[in-house]
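Structure assessment
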Amino acid sequence: MLHFGMNMPFILMTVYGSMMILIVLLLRALLKKRLPKFVFPILWCVILVRLLVPFSISSPLTLKTSADSLLSVSDRLLNTDIQNISLVEDTETVSQEAAIENMTIRTTPASYKGIAESSEAAVTTTNDTVSPSTASIVEDAEASESTAFLYDYAVGLSFPFTLRRHTLLFIYTAGLLLTAGILLYQKYRYSRKLKNSLLIEHNETVSTLLREMNMGHILVFTNDEIASPLTCGLLAPHIYLPTRMDFADRNLLRHILLHETMHIKRRDNWIKAVMLAALILNWFNPLVWIMSRCFTSDLETACDEAVLRTCADEEDRKNYAFNLLAMAITGSRSTLLYSAFSKTEVEKRIQSILSYKKASAFLLLAAVCFITCSTVTFATCAQAPFSPYLTSYCASSLSRWGVKVYTTRDLTLGNDAQKRAEDIVFDVLRTDTENDPLRMDEQIRAALSNAFHVEKSAFRTDFFLCLDDEALEKEYAEWNLTRDPEGFYHYKGEAVRIFIDEIGGVFQSRSEGSVDITVIRDRFGYISDVRTRREDMPVTQAP
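Residues numbered from 1 in each chain as written. Predicted model: local features only at pLDDT ≥ 70, side-chain atom pairs only at ≥ 80, totals over all residues. Heavy atoms only, no water.

Observations concerning the packing of helix α1 (residues 10–31) against helix α9 (residues 286–308)
The criterion, for reference: All axes here are fitted lines through C-alpha atoms, helices being fitted over the stretch that makes contact, and every angle between N-to-C directions spans 0 to 180 degrees. Each helix is a run of DSSP H or I of at least 4 residues and each strand a run of E of at least 2, with the numbering of both proceeding from the N terminus. Note on angle classes: values under 35 degrees are labelled roughly parallel, values over 145 roughly antiparallel, values of 65 to 115 roughly perpendicular, and the remainder oblique. Take the far helix as your reference; a near helix turned counterclockwise from it by less than a right angle gives a left-handed crossing, and one turned clockwise gives a right-handed crossing. When checking whether two residues touch, look at their non-hydrogen atoms; a contact exists if any pair is within 4.5 Å. Lys, Arg, Asp and Glu make up the charged group, whereas Ala, Val, Leu, Ile, Met, Phe, Trp, Tyr, Cys and Pro make up the nonpolar group; the residues left over, Gly among them, are polar.
Interaxial distance between α1 and α9 falls to 10 Å at its minimum, and their mutual angle equals 40°. Considering the angle they form, α1 stands oblique to α9. Where α1 crosses over α9, the handedness of that crossing is left-handed. For the pair formed by α1 and α9, the contact residues are Ser18, Ile21, Leu22, Leu25 and Arg28 on the first element and Leu287, Val288, Ile290, Met291, Cys294, Ser297 and Asp298 on the second. Among the residues making up the contact of α1 with α9, the classes are represented as 8 nonpolar, 2 polar and 2 charged.

Below is the structure:
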């Protein structure tokens, strides 16, 4: 399933575009001599679309965005969305009130992924246990104070960030205006030069050659301020020839007009205008400037290849190469402002012309497949930030586990997607008898895949151990862990200083105590080991 949106932030457009530029530069260095010349201009055009159009296509090939990770991290740090808890009512065995009473919802439930072990890091909080409670924990005063503190802290951080953002926006705008001003000034200078051009009206050779090329509507001018032929203009492109040219040389005129009219047919000046817009918007990105130079060079070689396909024989191709050399401007470079002969790349172009061989059907097919695969990969490898949350926290008294489901990419799942997904989760929680989170994960993702018609990898599940106080204390008692009337844990009669049951979601710390305890659970959520640690002593397993 593909998801299309126009919500890609500019900064991500730039990042993804830069990655694509690096890839194409590498492919260009390795394959430029082996592929037809039209391949890389097409790939550059794909990158232009990425740099200028804020589209986002989500597919199974899509890379995960940083926003997905950030949202997941914030969910684990805060865990303040308890108000979204969904409780299931099993009409055959238990009432809704009983289900609520039997739920243990902790302020920091530990996410279970695979066969996890609890962390042995020391937890230094308060002298109170982060104890299990019912759904009323949402109204707990301490949670409200904690949320308020986090909110105030975030607001305090946002003020200097806002100042930095405004400063960066000012710098970006200034750079954009400066770049646009310089390029417009260059365009103005060339326009003034071309104003003094004279229209060629009575040159029968020029007129005949243009009619043979089906380009008789194109106007040709001469100008004594330019040193090389060029094509300029978007809506009404014109060809400008230097006055110093030998207009009596029909072969030279034919090759020059073939080259310039080919630029017009291929809309190269329009493509360069789009490249110019991308360059102005991404003035700060050196990769885009490198791309502009490679792009103009590739457009010229692609134009040469298109001209060579019209040449009658090898001798005609050699004459085209010599005429190209004769008209190239010494020391000049290709420009985005117009299409012109350039001597900077002329040696490479002549070598390419002299070694030109008409592409075989197999090579053309390979080039088309290469372009298609590259375009699809570039278009779908990245996506805009999105909210990965699909379900709220789902728990049932019939299972030891609570479940929360996320999406790994941006999806369009239709109406009531959250309710449909939660119904699927509850069905699995009701019918499961093994309490194996790995098996339940497979069942939930397979059912979601069938219901929403997407791949299973588009969903991710987090499991949270969900036990009531009585069941939890019973498990602890089997491992010689008891709790005194004040709520502090003891191990074999010794006061526990730090108590960690990460998967169980129980953390306790106090200043007094002689032993630190870490509870280890297996894949089914049952206690498999209790590790003890005393000051200046290594961690040991409970006998």
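Description of the pairing of strand β18 (residues 527–533)
On a regular strand, one side chain projects to one face of the sheet and the next to the other, so that they alternate. Our working definition: Exposure categories follow from relative accessible area, calculated using a 1.4 Å probe and restricted to protein chains: below 20% of the type maximum is buried, above 50% is exposed, and the middle band is partly exposed. Here, a strand pair is defined by DSSP locating no fewer than two bridges between the strands.
Counting buried residues in β18 gives 5 out of 7 residues, a clear majority hidden from the surface. Note: strand β17 (residues 515–521) against β18, 6 bridges, orientation antiparallel. Note that in β18 the partner of Ile520 across the bridge is Asp529. Once β17 ends, the chain turns through 5 residues before running back antiparallel as β18, passing Gly525 with a positive phi of about 90°.

Quick look at the packing of helix α8 (residues 268–281) against α9
Look at α8 against α9: their axes get within 10 Å of each other, and the N-to-C directions meet at 175°. One element, α8, and the other, α9, form an angle in the roughly antiparallel class. Here Asp268, Ile271, Lys272, Met275, Ala278 and Leu279 of α8 come into contact with α9, specifically with Val288, Trp289, Met291, Ser292, Phe295, Thr296, Leu299 and Glu300. Per-class residue counts for the contact of α8 with α9 are 9 nonpolar, 2 polar and 3 charged.

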